[in-house]
Amino acid sequence: MRVLLLGASGFLGRQVRLLLEGDPRVGELVCAGRARLDLLCADVASVTGLLSSVRPGVVINCTGRMSGGPDELLRGNAGVVAMLVEAMADVTPSARLVRLGSAAEYGPVPYGSSTREDDPARPVTAYGVSHLAGTGLITSAPVDGVSLRVFNPVGPGLTRVNVMGKAHALLGEAEGSVTLGPLGAVRDFVDVRDVARAVVAAAFAGALPERVFNVGSGRAVTVRQAVEQLARTVGFTGEIREREDPCAVTGGDRSGAATWSQADISRAEKVLGWRPVHSLADSLKAMAEEG
């Protein structure tokens, strides 16, 4: 099987690439970076040209936008999917397309609940709307597409793009104390290596009765608990302060007013045979070992 991986150098894409490089089902792995095709600036003709030259049996899209205005977010998280769907329908209609979505597609959910894929998706941020549009393109596409709604990925390679990445960086730099925004939000943290396993499981699964899957740990903890555990893991003994900054509670423009998030992962287990194998402690230890 020839696999085309887009976004192989990113936080999630790197882990997907590591798995695919050692997978005997992969006859050839093609990682098309920005030098070959910048998807954020491409058009359908360019994407069609890439697919025509590679002729993949599986296309995995790990690209996307985490920040920016509504136009940038829609372009990165939905526009790219639209081009892939259109080009694949013409060139490789039987190939499987796997994209990474987000728990932000659901918007605020009842406190204490486990969110299922069939629950209402009511995003309240441009980020969530852009990912929901991408998922909608997958579910209505004339191609074999799958959208994975990733909850809060953590683990090796995490950058300052979210509160845990920022906390990791600050804990490594600080001497006496660190100051973060409010840490009371409850999140479902999933290891990036488990996310990669879900991507590969979706890529090589047989005929799928569903097209949308939650990818989380199925467990919820407060961000405060996660940060305190990270501090212990890296050996930080100073004070962790919380300032009044509503944007820092929930990831700012990505999660909006959502104060609770926990995935129901039973569909992924039943259909894809996937369950996470890494605990939050595993994820934080891997982050600490990177320095």
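Rules behind the numbers
Residues numbered from 1 in each chain as written. Predicted model: local features only at pLDDT ≥ 70, side-chain atom pairs only at ≥ 80, totals over all residues. Heavy atoms only, no water. Helix = DSSP H or I, 4+ residues; strand = E, 2+ residues; numbered from the N terminus. Rg over C-alpha atoms; globule rule 2.2 N^0.38 Å. Contact = heavy atoms within 4.5 Å. Areas by Shrake-Rupley, 256 points an atom, 1.4 Å probe, with all protein chains shown as cover. Lys, Arg positive; Asp, Glu negative; His and termini not counted. Charge placed at Lys NZ, Arg CZ, Asp CG, Glu CD. Axes fitted to C-alpha atoms, helices over the stretch in contact; angles between N-to-C directions. Parallel < 35°, antiparallel > 145°, perpendicular 65-115°, else oblique. Nonpolar A, V, L, I, M, F, W, Y, C, P; charged D, E, K, R; others polar. Salt bridge = Lys/Arg side-chain N within 4 Å of Asp/Glu carboxyl O. Buried < 20%, exposed > 50% of the residue type's maximum accessible area, 1.4 Å probe, protein only. UniProt positions renumbered as here; feature names shortened; annotations may be inferred. Pairing = 2+ DSSP bridges. Left-handed = near helix turned anticlockwise from the far one by under 90°. Disulfide = S-S within 2.5 Å. Polar contact = N/O pair within 3.5 Å; in protein donor to acceptor, adjacent residues only side chain to side chain. Core = buried A, V, L, I, M, F, W, Y, C linked by side-chain atoms within 4.5 Å.

**As for the overall build of the chain**
Phase 1: From N to C terminus, the chain includes 10 helices and 12 strands.
Phase 2: By the compact-globule yardstick of 19 Å for 291 residues, the chain fits well, its C-alpha radius of gyration being 19 Å.
Phase 3: For the chain, the spread of C-alpha atoms along the three principal axes comes to 55 × 35 × 35 Å.
Phase 4: Look at the contacts in the chain between residues 6 or more apart in sequence, and 82% of them connect residues 24 or more apart.
Phase 5: When the accessible surface of the chain is summed, it comes to about 12,300 Å², and 50% of that surface belongs to carbon and sulfur atoms.
Phase 6: Averaging the coordinates of the 30 positive side-chain charges in the chain and doing the same for the 31 negative ones gives two points 2 Å apart.

**Observations regarding the packing of helix α3 (residues 70-91) against helix α4 (residues 126-139)**
Each packed pair of helices is defined by two parameters, the angle between the axes and the distance between the axes.
Phase 1: Two elements in contact, α3 and α4, have axes whose closest approach is 8 Å; the angle formed by their N-to-C orientations is 10°. On the basis of the axis angle, α3 is roughly parallel to α4. Contacts between α3 and α4 pair Pro-70, Leu-73, Leu-74, Asn-77, Ala-78, Val-81, Ala-82 and Val-85 from the former with Ala-126, Tyr-127, Ser-130, His-131, Ala-133, Gly-134, Leu-137 and Ile-138 from the latter.
Phase 2: Broken down by class, the residue content of the contact of α3 with α4 amounts to 12 nonpolar, four polar and no charged.

**Here's the deal with the pattern of salt bridges**
Phase 1: The final tally for this structure, using the stated rule, is 16 salt bridges.
Phase 2: Note that Asp-144 and Arg-96 form a salt bridge whose closest N and O atoms lie 2.9 Å from each other. Here the residue Asp-144 occupies a position in strand β5 (residues 144-150), and Arg-96 occupies one in strand β4 (residues 96-102), the gap between them amounting to 48 residues.
Phase 3: With a closest N to O distance of 3.2 Å, Arg-241 and Glu-239 form a salt bridge.
Phase 4: Given a relative accessible area of 43%, Glu-239 falls into the partly exposed group.
Phase 5: Overlapping salt bridges, with partners in common, bring together Glu-117, Asp-118, Glu-210 and Arg-267 in one network.

**Thoughts on the UniProt feature "domain: NAD-dependent epimerase/dehydratase" (unreviewed entry) in the chain**
Phase 1: Summarizing the sequence annotation, UniProt attributes the feature "domain: NAD-dependent epimerase/dehydratase" (unreviewed entry) to residues 3-216 in the numbering used throughout.
Phase 2: Summarising residues 3-216: 38% helix, 20% strand, and an end-to-end C-alpha distance of 24 Å.

**Here we look at the pairing of strand β10 (residues 212-215)**
Phase 1: Burial of the side chains of β10 extends over both faces: Val-212 and Asn-214 are buried on one face and Phe-213 and Val-215 on the other.
Phase 2: Pairing of β5 with β10 involves four bridges; the strand directions are parallel. Paired with Ser-147 across the strands is Val-212, a residue of β10.

**Concerning the packing of helix α1 (residues 11-21) against helix α6 (residues 192-204)**
Phase 1: At their nearest, the axes of α1 and α6 sit 8 Å apart, and the two run at 60° to each other. Between α1 and α6, the angle is such that the two are oblique. Here the hand of the crossing between α1 and α6 comes out right-handed. Of the residues in α6, those touching α1 at Phe-11, Leu-12, Gln-15, Val-16, Leu-19 and Leu-20 are Val-192, Arg-193, Val-195, Ala-196, Arg-197, Val-199, Val-200 and Phe-204.
Phase 2: Class assignment of the residues belonging to the contact of α1 with α6 gives a composition of 11 nonpolar, one polar and two charged.

**Let's talk about the state of the cysteines**
Phase 1: All chains considered together, the criterion is met by zero disulfides.
Phase 2: Not part of a disulfide, Cys-31 finds its nearest cysteine sulfur in Cys-62, a span of 9.6 Å.
Phase 3: The partly exposed category is assigned to Cys-31, whose relative accessible area is 27%.

**Brief notes about the side chain of Asp-188**
Phase 1: Topologically, Asp-188 is positioned in the loop between β8 (186-187) and β9 (189-191).
Phase 2: No salt bridge is formed by the buried Asp-188; the nearest opposite charge belongs to Arg-219, separated by 7.0 Å.
Phase 3: Within the structure, the side chain of Asp-188 is placed 3.0 Å from the backbone nitrogen of Gly-218, a separation counted as a polar contact.
Phase 4: Contact partners of Asp-188, with chain neighbours within four places excluded, come to Phe-151, Asn-152, Gly-216, Ser-217, Gly-218, Arg-219, Ser-261, Gln-262 and Ala-263.

**Looking at the nonpolar core**
Phase 1: Val-16, Leu-20, Ile-60, Leu-148, Met-164 and Leu-272 are the most contacted members of the largest nonpolar core, which totals 60 residues.
Phase 2: Sort the elements by how many residues they give to this core and α6 lands first, with nine residues.
Phase 3: What Leu-272 contacts, discounting residues up to four positions off in sequence, is Ala-201, Ala-202, Ala-205, Leu-208, Phe-213 and Arg-267.
Phase 4: Counting 25 residues, the second largest nonpolar core, distinct from the first, contains Leu-39, Leu-51, Met-83 and Val-85.

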